[in-house]
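One-letter residues, chain by chain:
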Amino acid sequence: MPQSIARPTMLAVAGLIAILPLSAVSCSAAQKAIDCGNTTVKIADDINEVRDAYGNASNDAAAAGQAIQKLKNDLDQLGKNSKDTDVAQAITDLGTQVDKVQQAVNNKQVPDFKPLGDAASNLTKVCVG
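Residue numbering note: each chain is counted from 1, following its sequence as written. Totals for whole chains, interfaces and linings use all residues, but because this is a predicted model, local features are given only for residues with pLDDT of at least 70 and pairs of side-chain atoms are given and counted only at 80 or more. Hydrogens and water molecules were not included; the side-chain quantities draw on all heavy atoms of the structure.

Quick look at the environment of Ala-90 now. Put simply, DSSP marks the helices as runs of H or I at least four residues long and the strands as runs of E at least two long, and each gets a number from the N terminus on. Mapping Ala-90 onto the fold places it in helix H3 (residues 85-106). Note on exposure labels: buried denotes an accessible area under 20% of the residue type's maximum, exposed denotes more than 50%, and partly exposed covers the range between, all computed with a 1.4 Å probe on protein chains only. Residue classification places Ala-90 among the buried positions, given a relative accessible area of 1%. When checking whether two residues touch, look at their non-hydrogen atoms; a contact exists if any pair is within 4.5 Å. Excluding anything up to four places from it in sequence, Ala-90 contacts Asn-122, Leu-123 and Val-126.

In structure tokens, the structure reads:
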């Protein structure tokens, strides 16, 4: 009898050993998706704040500057917390576009928000892909 119990137990342990790495990969992918989802929502909100601040009737450069700084702070924090190299690169690329918007605002020029939106879309693609 002990041998009949030992064999199923060993088979169960062997099965767990085979399955655990697969579940770790799935959990890792799921965690990446959750982290990315949270990231893209936060960044989208920040970008909308920048657009709203600059896009109002008075083109409020001070409000736009504050919104840009918030976006930069969030990007810095997200970049530090990202363990995925593709996500980190997408965050860096987005940061470059934020800097360009900030330069335009500082120079009292109309910022081009399209590259900023494209970089945000790229971050979303990296998260989904």
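That shown, we press on.
Each axis is a line fitted through C-alpha atoms, and for a helix only the stretch in contact is used; angles between axes span 0 to 180 degrees, taken between their N-to-C directions. Direction vectors running N to C along H3 and helix H4 (residues 114-128) enclose 170°, while the axes themselves pass 9 Å from each other. Here H4 runs roughly antiparallel to H3, going by the angle between their axes. On H4, the residues touching Asp-86, Val-87, Ala-90, Ile-91, Asp-93, Leu-94, Gln-97, Val-98 and Val-101 of H3 are Pro-115, Leu-116, Ala-119, Ala-120, Asn-122, Leu-123, Val-126 and Cys-127. In this classification, the charged set is Asp, Glu, Lys and Arg, the nonpolar set is Ala, Val, Leu, Ile, Met, Phe, Trp, Tyr, Cys and Pro, and all remaining amino acids, among them Gly, are polar. A class-by-class count of the residues in the contact of H3 with H4 yields 13 nonpolar, 2 polar and 2 charged. Angle categories are assigned with fixed cut-offs, so that under 35 degrees is roughly parallel, over 145 is roughly antiparallel, 65 to 115 is roughly perpendicular, and the rest are oblique.

In plain words, nonpolar cores are sets of buried Ala, Val, Leu, Ile, Met, Phe, Trp, Tyr and Cys residues tied together by side-chain atoms within 4.5 Å. Counting 26 residues, the largest nonpolar core has Ile-43, Leu-94 and Leu-123 as the members making the most contacts within it. A per-element tally of this core places H3 first, with 7 residues. Beyond its immediate stretch of four places on either side in the chain, Ile-43 contacts Leu-71, Leu-75, Leu-78, Leu-94 and Leu-123.

Throughout this description, the term salt bridge denotes a Lys or Arg side-chain nitrogen within 4 Å of a carboxyl oxygen of Asp or Glu. The full count for this structure, using the stated rule, is 4 salt bridges. For Asp-99, the salt bridge is made with Lys-72, and the minimal N-O distance between the two is 3.0 Å. Highlighted residues: Asp-99 in helix H3 and Lys-72 in helix H2 (residues 61-81), separated in sequence by 27 residues. Take Lys-72: its relative accessible area is 22%, and that puts it in the partly exposed class.

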